[in-house]
Amino acid sequence: MARKFVPYIVGAVVLAGVGVGGFFWWQDRQAFEKTDNAYVEADTVSVSPQIDGYVAEVLVGDNQRVQPGQVLVRLDTRELEAQLAQADANVAALGAAARNVDDRRLAEQAAIEQRTAEVARAQAEAERARADFERYERLAGSGWVSEQRLQTVRAGADQARASVAQAAAALETERRSAASLGSTKQQTLAQAQQARASAEQARINLDRAVIRSPAAGVVGARGVRAGQYVRPGTPLLSIVPLGQTYVTANFKETQVARLRIGQEVEITADAFGDQVIHGKVASFAPATGQEFALIPVENAVGNFTKVVQRLPVRIAVDRGDRLAGALRPGLSVEVKVDVKSSARGASFAESAAADTAKKPDEAKPADPAAKPGDTAEPRVVDIPDPPPGK
C-alpha cells in the first residue's frame, strides 16, 4: 500500500521545490536587475612626447606605481641645449643692436644741433654780405667805389646765400637720417621680440625633454626603451589609475526603465570569487552602443528584424570597499542593481527629459502684455515608475 503513494509523494515534493524555487526567482526578479555584460574601465592616460629625440633614460618599469609629476622618461638634451644657447645669443645680439640704435639717435641729435647752428651762422653771414652789397652799391652809384669792387662784394653775397642753402640741405639730411632711425629701432625691437620668443620656445622644448607622469597610477603597456627615437604623439606607456576605476554595465533597453541614479549595486567578478564589491548607479549613456559603432546598422533597407539594444550604464564603485582598488580595467563583472532601494534619483526617462528640458524663457516667447516681475509657475511632470517585471 505504501508503494502506491511514493509517486505522489515524489511529485508533491518536486512541485513544492519548483514552487519554492519559482517564488524566490520571482522575488529576485522583482527586486533586482542583472547583467553579465559589464566591464571594469578607467580613465587611462597615454603618455607621449611633445618633441622628437632619442630616449636617454627610462626611469620606470612595468607595473610600477607612480605619482603625479614623477619623471618617467628623459630625452637627449644636447641638441636642445645648443638651440637654447643660440637663441639666447640672438637675444643678446639684438639687444645690443637696439642699444646701438639708441646711441646713433643721440649722435644724430647732436649732429642736428650742429647743423642748426651752421644754418644760423650761414644766415648771419648772408645777411652781413647782403648789407655790404647794398652799401657798396650806393657808394658805386656816387662814384666812390669801383665797379670791380662792387662785383666782388656781389659775388660774396651770392656765395653767402648759397652757403645758407647748403647748410639747410645738410640739416634736412640729418633730420631724415634721425627719422629713419625710428623705423630701424622698431624693426630691431621686433627682431629682438622674435628672438626672445624663440629662446622661450627652446627653453620649453628643453623642459619637455623630461617626461613626467600626468596622474597617479600604475605603469602599463610600456613600449619605450633607452636609445629609441621617438616623435611627438608616439605612445611610450600608459598610466592606469587603479583607485579610480568604474564599471560600465550594458543593460537591455527593457531593463533600464526600472533603474534610477543612486540605486545600490552589487558587483561580482570571477577574479575575486564570491566576494561582493558595492557601488551605485551614477549615470546613463546618451545613446545605445550601436550608435557609437564604427559601422552603424542601416535599418531602412531590406527586411527588418528587431534586436533588443543595450544601453551603457555607468556604475560608481564604493571607494570605501576594500576591493575597490583591486579592480583592473578590462575585467568582466556581473552587476545586480537593487531596484527596491531607497534611492530617489532620476530614472532613465527623467534624466533624458532633464537633459532636453528648455529654460522657461526659451520655452515660449515673452508675453508683451505681462507686467514686469510676473513669473510663470514651473510645471513639474511626474513620470510614474513602470510596473514590476516589465
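Below is a summary of the structure that appears in this document. This one's a predicted model, so the numbers in the text were calculated from it and none came from an experiment. (Residues numbered from 1 in each chain as written. Predicted model: local features only at pLDDT ≥ 70, side-chain atom pairs only at ≥ 80, totals over all residues. Heavy atoms only, no water.)

Focus: the side chain of aspartate 321
Inspection of the secondary structure assignment puts aspartate 321 in the loop between β13 (310–317) and β14 (332–338). No salt bridge is formed by the buried aspartate 321; its nearest oppositely charged neighbour, arginine 322, is found at 5.7 Å. Polar contacts involving the side chain of aspartate 321 include one to the main-chain amide nitrogen of leucine 323, which spans 3.0 Å. Excluding residues that lie within four positions of it along the chain, aspartate 321 makes contacts with Val276, Ile277 and His278. (Helix = DSSP H or I, 4+ residues; strand = E, 2+ residues; numbered from the N terminus. Buried < 20%, exposed > 50% of the residue type's maximum accessible area, 1.4 Å probe, protein only. Lys, Arg positive; Asp, Glu negative; His and termini not counted. Salt bridge = Lys/Arg side-chain N within 4 Å of Asp/Glu carboxyl O. Polar contact = N/O pair within 3.5 Å; in protein donor to acceptor, adjacent residues only side chain to side chain. Contact = heavy atoms within 4.5 Å.)

Details of the nonpolar core
In terms of nonpolar packing, the biggest core is built from 26 residues, with Val247, Phe251, Leu259, Ile267, Val333 and Val335 touching the most fellow members. Those elements that place two or more of their residues in this core are β1 (32–41), β10 (246–252), β11 (264–269), β12 (276–284), β13 and β14. It is β13 that contributes the most residues to this core, four residues altogether. In this structure isoleucine 267 touches Val247, Gln275, Val276, Ile277, Ile315, Val317, Val333, Glu334 and Val335, once residues within four positions along its chain are discounted. One finds Val66, Val73, Leu80 and Leu237 within the second-largest nonpolar core, a separate group that totals 17 residues. (Core = buried A, V, L, I, M, F, W, Y, C linked by side-chain atoms within 4.5 Å.)

Some thoughts on the sheet that holds strand β4 (residues 65–66)
Pairing within the open sheet is antiparallel, and its four strands lie in the order β2-β9-β7-β4. Both edges of this open sheet fall to β2 (45–47) and β4, since each of them pairs with a single strand only. The pairing of β4 with strand β7 (residues 217–220) spans two bridges and is classified as antiparallel. The residue of β7 that forms the bridge with valine 66 is glycine 217. (Pairing = 2+ DSSP bridges.)

Concerning the packing of aromatic side chains
Across all of its chains, the model carries two aromatic pairs by this definition. With 5.6 Å between their ring centres and 75 degrees between their planes, phenylalanine 284 and phenylalanine 348 make a pair best called edge-to-face. Of this pair, phenylalanine 284 sits in strand β12 while phenylalanine 348 sits in helix α4 (residues 348–356); the two residues are 64 residues apart in sequence, bridging distant segments of the chain. Directly above the aromatic system of phenylalanine 32 lies the positively charged group of lysine 336, at a separation of 4.6 Å from the ring centroid. (Phe/Tyr/Trp six-rings, centres within 6.5 Å; stacked < 30°, edge-to-face > 60°. Lys NZ or Arg CZ within 6 Å of the ring centre and 35° of its normal.)

Some thoughts on the environment of lysine 280
Inspection of the secondary structure assignment puts lysine 280 in strand β12. A relative accessible area of 42% places lysine 280 in the partly exposed class. C-alpha of lysine 280 to C-alpha of isoleucine 267: the two residues are 13 residues apart in sequence and 9.9 Å apart in space. In contact with lysine 280, other than residues within four places in its own chain, are Gly262, Gln263, Glu264, Val265, Arg314, Ile315 and Ala316.

With respect to the pattern of salt bridges
For the coordinates displayed, the defined rule picks out nine salt bridges. Here arginine 78 ties to aspartate 76 by a salt bridge, and the two come within 2.9 Å at their closest N and O atoms. The class of aspartate 76 is partly exposed, set by a relative accessible area of 28%. Between arginine 260 and glutamate 350 there is a salt bridge, and its shortest N-O distance comes to 3.1 Å. A residue pair is termed long-range when its members are at least 10 positions apart, and arginine 260 in the loop between β10 and β11 and glutamate 350 in helix α4 qualify at 90 residues. Judged by relative accessible area, arginine 260 falls into the buried class, the value being 7%.

Some words on the sheet that holds strand β5 (residues 71–75)
Note: strands within a sheet are paired through backbone hydrogen bonds, in either parallel or antiparallel orientation. With antiparallel pairing, four strands are arranged side by side in an open sheet as β6-β5-β3-β8. The outermost strands of the open sheet, each flanked by one partner alone, are β6 (210–212) and β8 (229–230). Strand direction decides the pairing type here: β5 and β6, joined by three bridges, are antiparallel. Bridge assignment links arginine 74 to a residue of β6, and that residue is valine 210.

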